Amino acid sequence: MTAALKDVAPMVDLGAMGTTGTGSAEWISAVQEVSDACAAAGAEMAMEMYTGG
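Residues numbered from 1 in each chain as written. Predicted model: local features only at pLDDT ≥ 70, side-chain atom pairs only at ≥ 80, totals over all residues. Heavy atoms only, no water.

## Things to note about the overall build of the chain
When helices and strands are counted, the chain shows 2 helices and 0 strands. Across the 53 residues of the chain, 15% fall into the buried class. (Helix = DSSP H or I, 4+ residues; strand = E, 2+ residues; numbered from the N terminus. Buried < 20%, exposed > 50% of the residue type's maximum accessible area, 1.4 Å probe, protein only.)

What follows is the structure in structure tokens.
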């Protein structure tokens, strides 16, 4: 499941400039898949994103 997120928004190098798929429709769909899997397993899901600044 986390592979789906990594495919949509792969890790970028520190200091890199550019955009990723974070926040896209594909990202939201992949997050939902992970969330559903966690819920089915009785586990909570937490996410943290840093957008810079």
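## Considering the nonpolar core
L5, A9, W27, A30, V31 and V34 together form the largest nonpolar core, which totals 6 residues. Top contributing element to this core by residue count: helix 2 (residues 25-40), with 4 residues. Each residue touching L5, except ones within four places of it in the same chain, is listed here: W27, A30, V31 and V34. (Core = buried A, V, L, I, M, F, W, Y, C linked by side-chain atoms within 4.5 Å. Contact = heavy atoms within 4.5 Å.)

## Comments concerning the environment of P10
By the secondary structure assignment, P10 is in the loop between helix 1 (2-8) and helix 2. Counting along the chain gives 12 residues from P10 to T22, while the straight-line C-alpha distance between them is 9.1 Å.

## A short note on helix 2
Here helix 2 spans 23 Å end to end across 16 residues, near enough to the 22 Å set by a 1.5 Å rise per residue. Along helix 2, the residues classified as buried are W27, A30, V31 and V34. Buried residues of helix 2, viewed axially, fall in a sector of 100°; they line one side. Away from its buried face by more than 90 degrees, helix 2 exposes A25, I28, A39 and A40. Just downstream of helix 2, G42 is the residue with a positive phi angle, here 75°. (Expected span 1.5 Å × (residues − 1). Arc of directions from axis to C-beta.)

## Topic: a nonpolar patch on the surface
A cluster of nonpolar residues, M45, M47 and M49, forms a patch on the protein surface that exposes about 280 Å² of accessible area. Looking at the secondary structure, you find M49 in the segment after helix 2. (Patch = residues over 30% accessible without salt bridge, like charges linked within 9 Å, V, L, I, M, F, W, Y side chains within 5 Å. Areas by Shrake-Rupley, 256 points an atom, 1.4 Å probe, with all protein chains shown as cover. Salt bridge = Lys/Arg side-chain N within 4 Å of Asp/Glu carboxyl O.)

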